Amino acid sequence: TQLLEQSPQFLSIQEGENLTVYCNSSSVFSSLQWYRQEPGEGPVLLVTVVTGGEVKKLKRLTFQFGDARKDSSLHITAAQPGDTGLYLCAGASGSYDKVIFGPGTSLSVIP
Amino acid sequence: DAGVTQSPTHLIKTRGQHVTLRCSPISGHKSVSWYQQVLGQGPQFIFQYYEKEERGRGNFPDRFSARQFPNYSSELNVNALLLGDSALYLCASSLWAQNTEAFFGQGTRLTVV
């Protein structure tokens, strides 16, 4: 059974601070996605990483896929209140395989 | 271009009743997946449909069923509702069956009382 773990579960920081959240698994994934979800809304896709060691940047967000394609991290620089939300990682292991979601990291950025 | 649309947005049902949730994917997307998200948890995969055929099924009882129509829209049906079925039900569409990049609707909030 494939499982994705995310840490920390909850994170509350001041505006302007940096943070990193992690997504880990014992399984290898062909691709991994990061989503952000706000209360009462569906998740919104932020990025997809597919190559081991890949690093992608989206403004103040930096995503990294582990060399072995089993883990990933999301680093936010100078967090802003608008970054508040539930950050979900999701992985797929191959063609026609269901996408597995982690439990999420709930981020709160205090002004 | 419209995104993924789900209806209804909110629903209250009584234990034992039946419910049908609907989803229209992004135009051109042929794959629809359904997820259940309980408060405080990540989405749990229920079904994936591609070209009107079931391509994947999660660990949910037979009370849960779904289908995809020729226009690629989809319905999720849940029979004999239990209190534990209360959740946000999310529909996601993607171009292909390998739904590695999914676009989600806003969800249907189902409350079973």
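See the structure printed just above.
Just so we're clear, the structure is a prediction, and the values are computed from it rather than from any experiment. (Residues numbered from 1 in each chain as written. Chains lettered and ligands numbered in written order. Predicted model: local features only at pLDDT ≥ 70, side-chain atom pairs only at ≥ 80, totals over all residues. Heavy atoms only, no water.)

Asks: What am I meant to see in the overall build of chain A here?
Replies: When you go through chain A residue by residue, the secondary structure sums to 0 helices and 11 strands. Start at the N end of chain A and walk to the C end: the helices and strands fall as β-β-β-β-β-β-β-β-β-β-β. For chain A, whose C-alpha radius of gyration is 13 Å, the value lies close to the compact-globule estimate of 13 Å for 111 residues. Sequence separation of at least 24 residues holds for 53% of the intrachain contacts in chain A that already meet a minimum separation of 6. (Helix = DSSP H or I, 4+ residues; strand = E, 2+ residues; numbered from the N terminus. Rg over C-alpha atoms; globule rule 2.2 N^0.38 Å. Contact = heavy atoms within 4.5 Å.)

Asks: Is there a simple way to explain the state of the cysteines in this structure?
Replies: One covalent bond between the sulfur atoms of two cysteine residues makes up a disulfide. All names here are of chain A. In the structure shown here, the tally under the stated rule is 2 disulfides over all chains. Put simply, Cys23 and Cys89 are joined by a disulfide, and their sulfur atoms are 2.0 Å apart. Classification of the bridge connecting Cys23 and Cys89 rests on its S-S torsion, roughly 80°, and on that basis the disulfide is right-handed. Linking Cys23 in strand β3 (residues 19-24) with Cys89 in strand β9 (residues 85-92), this pair joins segments that are 66 residues apart in sequence. (Disulfide = S-S within 2.5 Å.)

Asks: Please clarify how the sheet that holds strand β7 (residues 61-65) of chain A should be interpreted in this entry.
Replies: All names here are of chain A. With antiparallel pairing, 5 strands are arranged side by side in an open sheet as β1-β3-β8-β7-β6. Each of the sheet's edge strands pairs with one partner strand only, and the pair in question is β1 (5-7) and β6 (55-58). For this sheet, the mean inter-axis angle between neighbouring strands, taken without regard to orientation, is 15°. Where β1 meets β3, 3 bridges bridge the pair, whose relative direction is antiparallel. Each bridged residue has a counterpart across the sheet, and for Ser7 the counterpart in β3 is Tyr22. (Pairing = 2+ DSSP bridges. Axes fitted to C-alpha atoms, helices over the stretch in contact; angles between N-to-C directions.)

Asks: Help me out: how do you make sense of the pattern of salt bridges in this one?
Replies: A side chain of one charge can pair with a side chain of the opposite charge if their charged atoms are brought near each other. Residue and element names in this part refer to chain B. The final tally for this structure, using the stated rule, is 9 salt bridges over all chains. Linking Asp62 and Arg57 is a salt bridge whose minimum nitrogen-to-oxygen distance equals 3.6 Å. On the accessibility criterion, Asp62 (70% relative accessible area) is exposed. The class of Arg57 is partly exposed, set by a relative accessible area of 34%. Across the pair Arg67 and Glu75 runs a salt bridge, and its minimum N-O distance is 3.3 Å. Residues participating in the shared-partner salt-bridge network are Arg22, Arg67 and Glu75. (Salt bridge = Lys/Arg side-chain N within 4 Å of Asp/Glu carboxyl O. Buried < 20%, exposed > 50% of the residue type's maximum accessible area, 1.4 Å probe, protein only.)

Asks: How should I be thinking about the nonpolar core in this particular structure?
Replies: Note on soluble globular proteins: their nonpolar side chains tend to be buried together. Membership of the largest hydrophobic core comes to 22 residues, with the highest contact counts inside it found for Trp34, Ile46, Leu76 and Tyr89 of chain B. Every element with two or more residues in this core is listed here: β3 (19-24), β4 (31-37), β5 (44-50), β7 (64-68), β8 (74-78), β9 (87-94) and β11 (108-112) of chain B. Leave out the neighbours within four places in its chain, and Tyr89 of chain B touches Gln6, Leu21, Tyr35, Gln36, Ile46, Phe64, Leu76, Gly107, Thr108 and Leu110 of chain B. In terms of nonpolar packing, the next biggest core, distinct from the first, is built from 20 residues, Val21, Phe29, Leu61 and Ile76 of chain A among them. (Core = buried A, V, L, I, M, F, W, Y, C linked by side-chain atoms within 4.5 Å.)

Asks: Whenever I open this one, unusual backbone geometry confuses me. Can you help?
Replies: Residues other than glycine predominantly adopt negative phi, and peptide bonds predominantly adopt the trans conformation. Note the cis peptide between Ser7 of chain A and Pro8 of chain A, where omega equals -10°. At the junction of Ser7 of chain B and Pro8 of chain B, the peptide bond is cis and its omega measures out at -10° in the coordinates. As for its placement among the helices and strands, Pro8 of chain B is situated in the loop between β1 (5-7) and β2 (10-13). In the Ramachandran plot, Ala78 of chain A falls in the positive-phi region, its phi being about 50° despite a non-glycine side chain. Tracing the sequence through the fold places Ala78 of chain A in the loop between β8 (71-76) and β9. Assessed through its relative accessible area of 31%, Ala78 of chain A is described here as partly exposed. Phi at Tyr72 of chain B takes a positive value of approximately 75°, unusual for a residue other than glycine.

Just distances and angles here, no functional claims.
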